[in-house]
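Structural overview for review
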Amino acid sequence: MRALVISGGGSKGAFAGGVAQYLIEEMGNDYDLFLGTSTGSLLISHLALNKTQKIREVYTSVNQNSIFSNRPFLIKRKHGHDQISIDHFNVLRNFMRGKKTFGESENLKKLIIDTVSREEFEELKASDRDIVVTVSNISLNEIEYKSIHDYSYEDFCEWIWISCNYVPFMSLVQKNSCEYADGGFGSMVPIEEAIKRGATEIDAIILQTEVTYFNRLPSKNVFSLITNLFSFMLDRIENQNIRIGKFAAVNKDVIINFYYTPTVLTTNSLIFDKVKMERWWESGFSFAKYKNEELNQIEP
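Now for a description of the structure that goes with this document. (Residues numbered from 1 in each chain as written. Predicted model: local features only at pLDDT ≥ 70, side-chain atom pairs only at ≥ 80, totals over all residues. Heavy atoms only, no water.)

Things to note about the packing of aromatic side chains
Following the criterion strictly, the structure yields 16 aromatic pairs and no others. Between W159 and Y180, the aromatic rings sit 4.9 Å apart at their centres with planes inclined by 80°, giving edge-to-face as the arrangement. Of the two residues, W159 is situated in helix α8 (residues 153-164) and Y180 in strand β8 (residues 178-182); the sequence distance between them amounts to 21 residues. Each member of the pair, W159 together with Y180, is buried. These aromatic residues form a ring-pair network of at least three members: F95, F102, Y166, F169, F185 and F230. The aromatic ring of W159 is capped on one face by K146, whose charged end is 4.3 Å from the ring centroid. (Phe/Tyr/Trp six-rings, centres within 6.5 Å; stacked < 30°, edge-to-face > 60°. Helix = DSSP H or I, 4+ residues; strand = E, 2+ residues; numbered from the N terminus. Buried < 20%, exposed > 50% of the residue type's maximum accessible area, 1.4 Å probe, protein only. Lys NZ or Arg CZ within 6 Å of the ring centre and 35° of its normal.)

So, in structure tokens, the structure goes:
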């Protein structure tokens, strides 16, 4: 069984889309299992349908308004770099409404429903392929994996949305008497789960460089401090997931092909820039092509 695993990474998911497009269209890889976390969960349904062009057009056209129904931060460009700061008015408005987070992401939920049609869902559900998204159950302190074969259209679209909700900046969702959030808080790269589900070869797209190439600049405000702290935490979770995945792969004799980003794409993946994301998609496609051509030259 061959699996495609895509990690979380916000706007950097455009790079993953490019890599996946090359693996599916140019390499001809046929996957039985698609497993995604956060931004990865947005991609996998269309990749499983082999509709890479459709998801590319949608994904690279996303902006802040496509995601946030109440955006909790402002973006200012200084000295050629984007900086974020708290939008006090929007945050206060959210709290006055009785919400538990700084911002809300209802627009993303609408986008998912508009993008994944009921017919496409039924086609996937009727197929032998398994589409699995990762969510964090905050109430039970557990990571849960939601398969398309276990849910209705409405429920599965909601699980995709929940997988992407990077709290406290996005919506905290109450479902089945539990509070749910972004799957990346516990399983940023669900390689181990793919192995548990029977994968014997895994293509894992990691939206992070293999080696750390930069030191974070000092925080400019409370909001940037929080984002830096969360980035630090998620980096540690990601590294742990990869180590556990490698260990499980050795014990089960599973092949893992890693695709890391070759360079630092962005230090703030909450910022969705159409021009940059189009460039990252192309970069992902070119990188996958270069890596596989290089491997073919090495093999006897």
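What follows picks up the thread again.
A few points about the side chain of E120
If you trace the backbone, E120 turns up in helix α7 (residues 118-126). A distance of 2.8 Å separates a polar atom in the side chain of E120 from a polar atom in the side chain of K54. Beyond its immediate stretch of four places on either side in the chain, E120 contacts H46, L49, K51, K54 and T115. (Polar contact = N/O pair within 3.5 Å; in protein donor to acceptor, adjacent residues only side chain to side chain. Contact = heavy atoms within 4.5 Å.)

A word on helix α5 (residues 88-96)
Buried within α5 we find N90, V91 and N94. All buried residues of α5 project into a common sector of 100° when viewed along the axis, lining one side. Opposite the buried face of α5, at more than 90 degrees from it, the exposed residues are H88, F89 and M96. Immediately beyond the C-terminal end of α5, within one or two residues, lies G98, with a positive phi of roughly 85°. (Arc of directions from axis to C-beta.)

A look at the packing of helix α1 (residues 13-26) against helix α2 (residues 39-48)
The contact between α1 and α2 brings their axes to 10 Å, and the two run at 30°. Put simply, α1 runs roughly parallel to α2. The handedness of the crossing between α1 and α2 is right-handed. Contacts from G13, A16, G17, A20 and I24 of α1 reach α2 at T39, L43 and L47. (Axes fitted to C-alpha atoms, helices over the stretch in contact; angles between N-to-C directions. Parallel < 35°, antiparallel > 145°, perpendicular 65-115°, else oblique. Left-handed = near helix turned anticlockwise from the far one by under 90°.)

Considerations on the nonpolar core
Of all hydrophobic cores here, the largest spans 90 residues; its most connected members are L4, I191, I202 and I205. Among residues more than four places away in sequence, those in contact with I191 are V5, I202, A204, G245, I256 and F258. (Core = buried A, V, L, I, M, F, W, Y, C linked by side-chain atoms within 4.5 Å.)

Focus: helix α6 (residues 106-115)
Of the residues making up α6, those classed as buried are L108, I112 and T115. Angular distribution of buried residues about the axis of α6 spans 75°; they occupy a single face of the element. The exposed residues of α6 that point more than 90 degrees off its buried face are K110 and D114. As for α6, its buried residues are in contact with α2, α3 (52-59), α4 (64-67), α7 and α8.

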